[in-house]
Amino acid sequence: MTTTTGQVRYQFEYEDPIRCAFIGAGGHSYRNIYPSFQYAPVDLRAICDLDGDRAAKYARIFGAAHTYTDHREMLERERPTAVFIVTAYDPDGRLQAVDLALDCLAAGAHVWMEKPTATSTAEVEQLQAAARSAGRTVVTGMKTVFSPVMSRVKEIVSGPEFGGPSSISVRYPLSMPAYERRADLVAMNWFLDCIFHPAAVLLHLMGPLDRISHEWEERTGASVTVMRFESGAIGTLHLTAGESPSSPSSRVEVIGDNANVVVENGTSVTYYRPTPARAYGRTGSFMVPTESAPLHWEPEYSYGQLYNKNLFYLGYVDEIGYFCDCVRNGTTPELGSLDQAFHILQLFEAYRRAEPGTWTTVKV
Ligand SMILES: NC(=O)c1ccc[n+]([C@@H]2O[C@H](COP(=O)([O-])OP(=O)(O)OC[C@H]3O[C@@H](n4cnc5c(N)ncnc54)[C@H](O)[C@@H]3O)[C@@H](O)[C@H]2O)c1
């Protein structure tokens, strides 16, 4: 990958950056996406936002030559190779990015879009068809799977020593509306927005889901889902609405066969490697052999290193670098692909369809 697995290159060091345009000059893009371009082969030609004044301010700050309030005019005049889309929702709950992405693909541009990719599997299919007929790539910014921590966990659980993932538990703070309100897309916008994060991790580490059943708590909207994956592995997703805002939010644990790996708070990883069993009642030391002892990684926070920026440890720089690699090398994305978005939207639709306490297959 362009970025964290090797030496990081700065934007101005690329000789053949990609001619890019950007739709959206909002809060998240200001904090996390435009700043990530400092480490990507991006030549930001133009920014479009319905608020022309904000587009102009962002253009000055992030170095774009032109601004627009109409994306079609921008596509026509700038002829970008790739477009980044970071927009939000219409009042009826529809995602603005879907139609924008379809327009970009029709104009011959590759598309990077923020999650959620769409509000339904039908919309993802529309994007898949448009991408196919345009011969262009669409990548969604599923940041966590691009984070250095999750890349290492994926490596660990895929190695022969781990014995294949057999079960997983994921915790993430998110409230789910009551079953009766789930047909209302507006009521479901926040859930859709956030479910992409834990769902992308589940899919990345375990593969596609077969079936789920969830229980739901009425005061907070917290839920616990029991899941079975197509591989036969099992898992739980605990959406911890009601937790304190001061609490670390996420925890992921994958179990293999005589091995497990735990990620706490997005940055701390412990790999409990396969090690010989200890005779019960006859073992006087808890120390396991050094060659099979647990491995533990956590960051140091003292140096002005790139890895100490959230742009790096949350996966933003790598999700953008990965897209740029796909565009420049003509490779088909696996991570953040429309196929992955389709699976995540299948899970979203399963929650809308299935009452608490019942089982549903995730594929219909
Ligand atoms: N991955 C993450 O960590 C993360 C974090 C926060 C938000 N997000 C995602 O980022 C997206 C944006 O969130 P936000 O809080 O920045 O929203 P926002 O409302 O601050 O920004 C959206 C911008 O899009 C512009 N826009 C809408 N339609 C447009 C159009 N047709 N043409 C041009 N501009 C248009 C709006 O004017 C606005 O400036 C959401 O999809 C959200 O899920 C992701």
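What you are looking at is a predicted structure, and each value in this text was computed from that prediction instead of being measured.

Thresholds applied
- Residues numbered from 1 in each chain as written.
- Predicted model: local features only at pLDDT ≥ 70, side-chain atom pairs only at ≥ 80, totals over all residues.
- Heavy atoms only, no water.
- Helix = DSSP H or I, 4+ residues; strand = E, 2+ residues; numbered from the N terminus.
- Buried < 20%, exposed > 50% of the residue type's maximum accessible area, 1.4 Å probe, protein only.
- Contact = heavy atoms within 4.5 Å.
- Areas by Shrake-Rupley, 256 points an atom, 1.4 Å probe, with all protein chains shown as cover.
- Pairing = 2+ DSSP bridges.
- UniProt positions renumbered as here; feature names shortened; annotations may be inferred.
- Axes fitted to C-alpha atoms, helices over the stretch in contact; angles between N-to-C directions.
- Parallel < 35°, antiparallel > 145°, perpendicular 65-115°, else oblique.
- Left-handed = near helix turned anticlockwise from the far one by under 90°.
- Nonpolar A, V, L, I, M, F, W, Y, C, P; charged D, E, K, R; others polar.
- Salt bridge = Lys/Arg side-chain N within 4 Å of Asp/Glu carboxyl O.
- Polar contact = N/O pair within 3.5 Å; in protein donor to acceptor, adjacent residues only side chain to side chain.
- Domains from an automatic or database assignment.
- Buried area = accessible area lost by both parts, 1.4 Å probe.

## Points about the overall build of the protein
Scanning the protein for helices and strands turns up 11 helices and 15 strands. Each principal axis of the C-alpha distribution contributes one length, and for the protein these read about 75 × 50 × 40 Å. Looking at the protein as a whole, 51% of its 364 residues are labelled buried. Across the protein, contacts joining residues at least 24 apart in sequence account for 68% of those joining residues at least 6 apart. Carbon and sulfur atoms provide 50% of the accessible area of the protein, an area that totals close to 17,200 Å².

## A word on the pairing of strand E10 (residues 234-239)
Only one face of E10 is covered, namely the face carrying Gly235, Leu237 and Leu239; the face carrying Ile234, Thr236 and His238 is uncovered. Relative to E10, strand E7 (residues 167-172) runs parallel, the two being bridged by six bridges. The residue of E10 that forms the bridge with Ser167 is Ile234. In terms of strand pairing, strand E9 (residues 223-229) meets E10 through six bridges, oriented antiparallel. By the bridge assignment for E10, Val226 is matched with Thr236.

## Observations regarding the UniProt feature "domain: Gfo/Idh/MocA-like oxidoreductase N-terminal" (unreviewed entry) in the protein
Following the UniProt record, one finds the feature "domain: Gfo/Idh/MocA-like oxidoreductase N-terminal" (unreviewed entry) at residues 18-141. Span residues 18-141 is 41% helix and 23% strand, its end C-alpha atoms 18 Å apart.

## A word on the packing of helix H5 (residues 121-134) against helix H11 (residues 338-353)
Look at H5 against H11: their axes get within 9 Å of each other, and the N-to-C directions meet at 170°. Taken together, H5 and H11 sit at an angle that is classed as roughly antiparallel. As for the relative orientation of H5 and H11, their crossing is left-handed in sense. Here Thr121, Val124, Glu125, Leu127, Gln128 and Ala131 of H5 lie close against H11, whose contacting residues are Leu338, Asp339, Ala341, Phe342, Leu345, Gln346 and Glu349. For the contact of H5 with H11, a count of residues per class yields seven nonpolar, three polar and three charged.

## Some words on the pattern of salt bridges
Enumeration over the complete set of coordinates arrives at 17 salt bridges. Between Asp103 and Arg72 there is a salt bridge; the shortest N-O distance is 3.3 Å. Linking Asp103 in helix H4 (residues 96-106) with Arg72 in helix H3 (residues 71-78), this pair joins segments that are 31 residues apart in sequence. Note on Asp103: relative accessible area 21%, which makes it partly exposed. Asp193 is the partner of Lys115 in a salt bridge, and the nearest nitrogen-oxygen pair spans 3.0 Å. Residue Lys115 is found in the loop between strand E5 (110-114) and H5, and its partner Asp193 is found in helix H8 (residues 185-206); the two are separated by 78 residues along the sequence. For Lys115, a relative accessible area of 15% puts it in the buried group. Among the ionic contacts, a cluster of salt bridges with common partners joins Arg94, Asp99 and Glu123.

## A look at the side chain of Thr360
By the secondary structure assignment, Thr360 is in strand E15 (residues 359-361). A polar side-chain atom of Thr360 sits 3.2 Å from a polar atom in the side chain of Arg353. The residues contacting Thr360, other than those within four sequence positions of it, are Asp210, Arg211, Ile212, Ala350, Arg353 and Ala354.

## Re the domain arrangement of the protein
Segmentation of the protein into domains returns domain 1 (11-143 + 317-337) and domain 2 (145-301 + 344-361). Computed from C-alpha coordinates alone, the two centres of domain 1 and domain 2 are separated by 29 Å. Contacts between the two partners involve 21 residues from domain 1 and, on the opposite side, 17 residues from domain 2. For domain 1, the biggest contributors to the area lost against domain 2 are Lys115, Met142 and Lys143; these three give 32% of the whole. Viewed at the interface, domain 2 and domain 1 are joined by one salt bridge. On inspection of domain 1 and its partner domain 2, the count reaches nine residue pairs in polar contact (both at pLDDT 80 or more).

## Some words on the sheet that holds strand E2 (residues 42-48)
The strand order E3-E2-E1-E4-E5-E6 describes an open sheet built from six strands, whose pairing is parallel. Across the chains shown, the open sheet's two edge strands, defined by having one partner strand only, are strand E3 (66-68) and strand E6 (138-141). Averaged over neighbouring strand pairs, the angle between their axes works out to 25° when direction is ignored. Direction of pairing for E5 relative to E6: parallel, over a ladder of four bridges. Bridge pairing in E6 links Trp112 to Val139. Taken strand by strand, helix H10 (residues 316-329) contacts strand E1 (18-23), E2, strand E4 (82-85), E5 and E6, and its axis lies near 165° from that of E5.

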